[in-house]
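Fold and contact review
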Amino acid sequence: MDHSILGEQGSMKKLLLVGNPNVGKSVLFSSLTGRYVTVSNYPGTTVEVSRGNARLLGRLWQVIDTPGVNNLLPHSEDERVTRDLLMEEGGHKVIQVADAKNLRRALLITLELAEMGLNQILVLNMEDEARDLGIQIDVHKLSEVLGIPVVTTVATRKKGLDRVIQSLEKMRVGSCTTSFAPEIEQAVADLEPLLPEAPISRRSLALMLLCGDETLSAWLNARVTERDVARIEQICRALQTKYEEPVAYVVNRQRLLKADQIVDQVMRKGIQEFPRRFQRIGDFSMHPIWGLPILLTVLFLIYLVVGRFGAGFLVDLIENEFFGQVLVPWTQKAAQLIPIAFLRDLLVGQYGLVTMALTYALAIVLPIVGTFFFAFGVLEDSGYMPRLAVLVNKAFKLVGLSGKAVLPLLLGLGCDTMATLTARILDTKRERILVTLLLALGVPCSAQLGVILGMLGGLSMGAVLIWAGVVMATMLLVGFLAARVLPGEEGAFVLEIPPMRVPQLRNVLVKTTARVEWYLKEAVPLFILATLILFILDRIGVLETLQSTFQPLVSSWLGLPQRTTEAFLIGFLRRDYGAAGLYSLSRQGELDPIQVLVSLVTITLFVPCVANLMMIFKERGWRTAVSIVLVVFPVAFGVGGLLNHVLRWTGWTP
């Protein structure tokens, strides 16, 4: 590499994107660096820190997308990560991204950044949505009041991106800070001389300590003497005795009063008729009664898109017309030229790479997950998903979870592995374990759910309701029992509800494309690996042995054909691949309606895939990972077998 480039990278300044959840940081990060990060309008998407390089104004920057926060006094792991990034090194600059529709909330962070003494600019994103709501912000006056550059953007359309870049040269420390009550100011003055040098101001550190920030203890103990630590603790305790409420509450309330004063100076709000009517739909979707028909309508539309169009029309077109009429016959003819039978079978045999791996991955699963990704993106961009979390909040109370836990579970419909990671947003360890268990047990990922919807498309509506009812009842029962075994308390439910909006086609297509790309890169190689394993097991006779071993469980208890053992075996690698195997058997007429329903319930409740299991191991430890597998496996086969015998006994046909 060019030494001049290496030298430039070594002197790179850091540009931190900071802001509340769902304000468009990830979109702006993507625009600045050219690297894609999943964009969602519900909290918790950016749990991990994303980094990328960007050449702006002729200079190379390292851009860091920090987790969304509501306060720089940490109350969660996300907020602690962001605060620690601001404290890590000196010399970095901060772009605060804010939702223009919620200026008051954003100003709380703006004031904290000014207290820290960091160079910053304020980006008011989603300016178009604020205008539609009748919100008018005097940007020039706001800039004068805060003492920093303020620009407006519509990040999803890259509108205002040039203004953000040009403002980098004008970054400065905010001049607008909060003046607290005299006793708090005196305590700050007493603490400042005792505190060490840091990339953020001593005043900011002092306020954090007075607010009871215990996450600073290790950092502080490593830098000051025991005598000074004792003195600091004494000052903090003395201040707390002067208030009935926690000092953190008092400090936060005074910052919000300051924010209210600024909002009164710079913002005017009118009334727009259309958004108000549109918002009413959003309000109905959270209502405990009216929200249910809206939910059923949404599910029915997803069923039409995925079950009918994706699993019906598209799968028929690709599997039958292209693979069945063109690709497979041509490949079989070409394989006849290969003199070694082993290689021919590996290519186009029963467990061949073309006839099984590529057919499953590209002809069956891809059309289904592609349409599901599109439908999922529409829900994300509309603002409906946080409302769904509110609607089902009371149900989750039954399993010892706060409504906030609904968000990782909803994210699990996209990817259980990612959702397990986002369980960090929950306040207590007990909640994180419960959510991890429920994700592993009964939340199908997008690829698996797409295939399941495709199979349900061939059954009656009664079968769909039984599948959903059995899975939900199992999750509630397991969650209810687990909540009584695991020690700990429930967390609080505080959730920001974004406005309802018409989904932007560009946003939905960008998300769908990125997720399809992820599927092709991550899932397809595993499909090929799983097929190779099946091929080898078949060649050495182990597959037949396994089928015989599990015959009592699969055939007698579940009432399924012996070949479904293959689907469950490969389901250990990826559950969607296992579901695809069942889908293929169903299309070949090897499963009757009862067997389809029983196999769907069993594969839905099946053990987590390898990637999710590794994430559980990483996040919760090996004891929890093993315990979850030991719970999920018997529950999946127990519920599946019970359903089989009940359906056979009643004689009802799905």
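Scroll up to find the structure.
Just so it is clear, the structure is predicted and the values come from calculations on it, not from any experiment. (Residues numbered from 1 in each chain as written. Predicted model: local features only at pLDDT ≥ 70, side-chain atom pairs only at ≥ 80, totals over all residues. Heavy atoms only, no water.)

**Side note on the nonpolar core**
Formed by 102 residues in total, the largest nonpolar core has its most connected members in Val365, Leu401, Val435, Trp467, Tyr519, Tyr577 and Tyr583. With 13 residues, helix 16 (residues 353-382) is the single largest residue contributor to this core. Filtering out sequence-adjacent residues up to four positions away, Tyr583 remains in contact with Ala311, Val315, Ile364, Ile368, Val451, Gly454 and Met455. In this structure, Val188, Met208, Cys211 and Val251 belong to the second largest nonpolar core, which totals 44 residues. (Core = buried A, V, L, I, M, F, W, Y, C linked by side-chain atoms within 4.5 Å. Buried < 20%, exposed > 50% of the residue type's maximum accessible area, 1.4 Å probe, protein only. Helix = DSSP H or I, 4+ residues; strand = E, 2+ residues; numbered from the N terminus. Contact = heavy atoms within 4.5 Å.)

**A closer look at helix 8 (residues 182-191)**
Restricting attention to buried positions, one finds in helix 8 the residues Ile184, Ala187, Val188 and Leu191. For helix 8, the angular spread of buried residues about the axis comes to 100°, placing them on one side. Residues of helix 8 that are buried make contact with helix 9 (202-210), helix 11 (226-240) and helix 12 (247-266). (Arc of directions from axis to C-beta.)

**Concerning the pairing of strand 4 (residues 93-99)**
The element strand 4 is extensively covered by neighbouring structure, given that seven of its seven residues are classed as buried. Every second residue of strand 4 is oriented toward a common face, with Lys93, Ile95, Val97 and Asp99 on one face and Val94, Gln96 and Ala98 on the other, all of them buried. Pairing of strand 1 (residues 13-19) with strand 4 involves five bridges; the strand directions are parallel. When the bridges of strand 4 are listed, Leu16 appears paired with Val94. The pairing of strand 4 with strand 5 (residues 119-125) spans six bridges and is parallel. Bridge assignment links Val97 to a residue of strand 5, and that residue is Val123. (Pairing = 2+ DSSP bridges.)

**Comments concerning the packing of helix 4 (residues 103-116) against helix 12**
At their nearest, the axes of helix 4 and helix 12 sit 9 Å apart, and the two run at 115° to each other. Crossing hand, helix 4 versus helix 12: right-handed. Contact residues: Leu103, Arg104, Leu107, Leu108, Leu111, Glu112 and Glu115 in helix 4; Asn252, Arg255, Leu256, Lys258, Ala259, Asp260, Ile262, Val263 and Val266 in helix 12. Here the contact of helix 4 with helix 12 is composed, by residue class, of nine nonpolar, one polar and six charged. (Axes fitted to C-alpha atoms, helices over the stretch in contact; angles between N-to-C directions. Left-handed = near helix turned anticlockwise from the far one by under 90°. Nonpolar A, V, L, I, M, F, W, Y, C, P; charged D, E, K, R; others polar.)

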